[in-house]
Amino acid sequence: GETLLTPTRVYAKDLLAIIGACEVHSISHITGGGLANNLVRVIPGGIAVDLDRGSWQPPAIFSLVQEVGKLSRPDVEATLNQGVGMALVLPEGSVAAARAVATAAGIESWVAGVASGAQGQPARVSLHGEHPR
């Protein structure tokens, strides 16, 4: 129960520091609606983002909620953030600088996926792979 009472981190000052340190294409606060559904809102048409579940381990509370609620993975992923509070889309050359600023602020960060061109297609975000066990 204590995990569910932990306040959400406010990222505003840390995000401003990242924006000041490097180029940022978009930022998505991952709230109700899940990772893919929130991230696709800040991706323009013609871009496809592929996220690798293997790049992070959701906190245990998410598997507990899934188990107790008898929820499918698609339902959980379309509703909960799976432990990802904020997602940034950066050019490859900005990743190291952005991660350095995040680390200095005590924020865990990782490369969760890759964006690529999908000319003529609507924006798309998909998840593949499995979370580490």
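Residues numbered from 1 in each chain as written. Predicted model: local features only at pLDDT ≥ 70, side-chain atom pairs only at ≥ 80, totals over all residues. Heavy atoms only, no water.

Looking only at helices and strands, the protein has six helices and five strands in total. Helices (α) and strands (β) of the protein occur, in sequence order from the N terminus, as α-α-β-α-β-α-α-β-α-β-β. Each principal axis of the C-alpha atoms in the protein carries an extent, and together these give about 40 × 40 × 25 Å. Taken across its 133 residues, the protein has 29% of its residues classed as buried. Entry remark: accessible area of the protein is about 8,100 Å², with carbon and sulfur atoms responsible for 57%. For the protein, the separation between the mean place of its 9 positive charges and that of its 11 negative charges on side chains is 3 Å. (Helix = DSSP H or I, 4+ residues; strand = E, 2+ residues; numbered from the N terminus. Buried < 20%, exposed > 50% of the residue type's maximum accessible area, 1.4 Å probe, protein only. Areas by Shrake-Rupley, 256 points an atom, 1.4 Å probe, with all protein chains shown as cover. Lys, Arg positive; Asp, Glu negative; His and termini not counted. Charge placed at Lys NZ, Arg CZ, Asp CG, Glu CD.)

The next thing to look at is the packing of helix H2 (residues 12-21) against helix H6 (residues 95-104). Axes are the key here: two packed helices are described by the angle between their axes and the distance separating the axes. Remark: H2 packs on H6, axes separated minimally by 9 Å, with the N-to-C direction vectors making an angle of 150 degrees. The angle between H2 and H6 falls in the class roughly antiparallel. Regarding H2 and H6, the two cross each other, and that crossing is right-handed. Residues Asp14, Ala17, Ile18 and Ala21 of H2 form the contact with H6, whose participating residues are Ala97, Ala98 and Val101. (Axes fitted to C-alpha atoms, helices over the stretch in contact; angles between N-to-C directions. Parallel < 35°, antiparallel > 145°, perpendicular 65-115°, else oblique. Left-handed = near helix turned anticlockwise from the far one by under 90°. Contact = heavy atoms within 4.5 Å.)

The next thing to look at is the pairing of strand S3 (residues 86-89). Successive side chains on a regular strand alternate, one facing one side of the sheet and the next facing the other. Only one face of S3 is buried, namely the one carrying Ala87 and Val89, since none of Met86 and Leu88 on the opposite face is buried. In this sheet, S3 lies alongside strand S1 (residues 26-29) in antiparallel orientation, the contact comprising four bridges. Directly across from Ser26, in S3, lies its bridge partner Val89. (Pairing = 2+ DSSP bridges.)

Pairing within the open sheet is mixed, and its three strands lie in the order S4-S2-S5. Among the strands making up the open sheet, the edge pair consists of strand S4 (113-117) and strand S5 (124-128). On average, each strand axis in the sheet is inclined to that of its neighbour by 20 degrees, with strand direction left out of account. Where strand S2 (residues 47-52) and S4 come together, five bridges link them in antiparallel fashion. Bridge assignment links Ala48 to a residue of S4, and that residue is Ser116.

On to the confidence of the model for the protein, then. Of the residues in the protein, 100% have a pLDDT of 70 or more, and the chain-wide mean is 94. For the protein, helix H1 (residues 2-5) is the element with the lowest average pLDDT, namely 80, and H6 is the one with the highest, namely 98. (pLDDT = per-residue confidence, 0-100.)

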